[in-house]
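Given next are the chains, with one letter for each unit.
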Amino acid sequence: MRDLKKNKKSLFETSKPSKYRQKISKNLNLLVDEFLDNNPKFEEFHCPFCNSDKSNKYFALQGMIYLRCLDCHSIYNSPRPTLQSLNDFYELQPAEVVDNEMLPTVKEFRVEKIMKPRWKLLQNRLKKNGIKLPVETIMEVGAGIGHFIEVLQSTNAANKYVAVEPAKACEDLLKKLERTEVLCCKLESVSPSNFETIDLLFLNSVIEHPHSLDIFFQSARKLLKIGGVLSLVDMHSGGMDIELLRGDAQNVNPFFILQIGSIEGIKRLFERNGFEFIDVFSIGEMDVDIIYEYSSQLDVNHPLFGLSHFLSNESIRDDLQELLKKHLATGYNGFLFERVK
């Protein structure tokens, strides 16, 4: 019988310490309340992934309704702020409200335990699908302060890098990266001079944010060369953490998270916008840790409280996480798509 491993700090807690997460959540809630007090304009939305108008209410956050598409099973906010109202909301957001206090303290851990393993997995999937490295130009959209590009550069994945990041607070740090052109704007505003210049485009946790996914991916397609590849890593509506926790799942915040795609929904979205599906694979590493932490904080009479005892065994958590990855049932998945037209 193997030894039971218990009480070790989880990957989730180490990468996103609770003291920072609680502060971020409180600040975001205040920001949403302030925004709603200004009576923003809202509009009804169909599923942004498959365009179906058939849905059920799935959960609510601070009065914002999230629906589950009955066709592709993606999750999306509707009614949602109009594009102008959403832009007004982002202008309210000082950088410290989100995570710029947390990121420097966990940078080394996140690079070593999240970004490097992610890139190693992506390299293997690219190679498996006949995509050779290095390429001439790589773009990352939503580059943050540049952790992922630093990892790419450490393996000489490209001759040139382009970082697209709308947050002004990140600009100075991004400009310290070597061989990197920094575009401090939204993807939809990237200059036509960059059209059809990109060989490989990375999106890490980005597609939950755009007001219109069709406009966003039409813009992405224009940047890629014909035959260029887009790598997507993002939240998954069929992940165990979302399925069990719904609106209590980590990272689900009104106005920051407008939609969460299913595997089927993401495929339909890309195919509608001129991409061909290549591959899908699990990226998730923390679903079970997230559920463990959540259940351990519940009242003893809550139906899910018993999960905290069951999942206190680290070996069980590890085995269950591997099972979720095998069946693409993690909260984050990776995709590869090729521009075909």
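Structure: see above.
Since the model is a prediction, treat every value here as computed from it, not as a measurement.

### Quick notes on the packing of helix 7 (residues 213–223) against helix 9 (residues 263–272)
- The contact between helix 7 and helix 9 brings their axes to 9 Å, and the two run at 55°. The pairing of helix 7 with helix 9 is recorded here as oblique in orientation. Both helix 7 and helix 9 take part in a crossing whose hand is right-handed. Between helix 7 and helix 9, the contacting residues are Leu213, Asp214 and Phe217 on the first element and Leu269, Phe270 and Arg272 on the second.

### Examining the sheet that holds strand 11 (residues 259–260)
- Ordered by their spatial adjacency, four strands build an open sheet running 2-3-4-11, and the pairing between neighbours is antiparallel. Where the open sheet ends on each side, the last strands, each with one partner, are strand 2 (55–61) and strand 11.
- Bridge count for strand 2 against strand 3 (residues 64–69) is six bridges, and the pairing is antiparallel. Paired with serine 55 across the strands is cysteine 69, a residue of strand 3.

### Section: helix 9
- For helix 9, the full list of buried residues reads Ile263, Gly265, Ile266, Leu269 and Phe270. All buried residues of helix 9 lie within an arc of 165° about the axis, which places them on one face of the element.
- On its buried face, helix 9 is in contact with helix 7, strand 10 (224–235), strand 12 (275–282) and strand 13 (332–339).
- Positive phi appears at glycine 274, one or two residues downstream of helix 9, with a value of about 90°.

### Observations concerning the sheet that holds strand 8 (residues 180–183)
- The strand order across the open sheet formed by seven strands is 8-7-6-9-10-13-12, and the pairing between neighbours is mixed. The strands lining the two open edges of the sheet, one partner per strand, are strand 8 and strand 12. Sheet twist, expressed as the mean angle between neighbouring strand axes with direction ignored, is 15°.
- Strand direction decides the pairing type here: strand 12 and strand 13, joined by seven bridges, are antiparallel.

### Observations regarding the pattern of salt bridges
- The full count for this structure, using the stated rule, is 14 salt bridges.
- With a shortest N-O distance of 3.8 Å, aspartate 53 and lysine 54 are connected by a salt bridge.
- A salt bridge links arginine 317 to aspartate 289, with the nearest nitrogen and oxygen atoms 3.0 Å apart. With a gap of 28 residues between them, arginine 317 in helix 12 (residues 314–326) and aspartate 289 in helix 10 (residues 287–296) connect regions that are remote in the sequence.
- What makes arginine 317 buried here is its relative accessible area of 4%.
- Note on aspartate 289: relative accessible area 10%, which makes it buried.
- When salt bridges with common partners are traced through the structure, they connect Asp71, Glu264 and Arg268 into a single cluster.

Reading guide: rules and limits
- Residues numbered from 1 in each chain as written.
- Predicted model: local features only at pLDDT ≥ 70, side-chain atom pairs only at ≥ 80, totals over all residues.
- Heavy atoms only, no water.
- Axes fitted to C-alpha atoms, helices over the stretch in contact; angles between N-to-C directions.
- Helix = DSSP H or I, 4+ residues; strand = E, 2+ residues; numbered from the N terminus.
- Parallel < 35°, antiparallel > 145°, perpendicular 65-115°, else oblique.
- Left-handed = near helix turned anticlockwise from the far one by under 90°.
- Contact = heavy atoms within 4.5 Å.
- Pairing = 2+ DSSP bridges.
- Buried < 20%, exposed > 50% of the residue type's maximum accessible area, 1.4 Å probe, protein only.
- Arc of directions from axis to C-beta.
- Salt bridge = Lys/Arg side-chain N within 4 Å of Asp/Glu carboxyl O.

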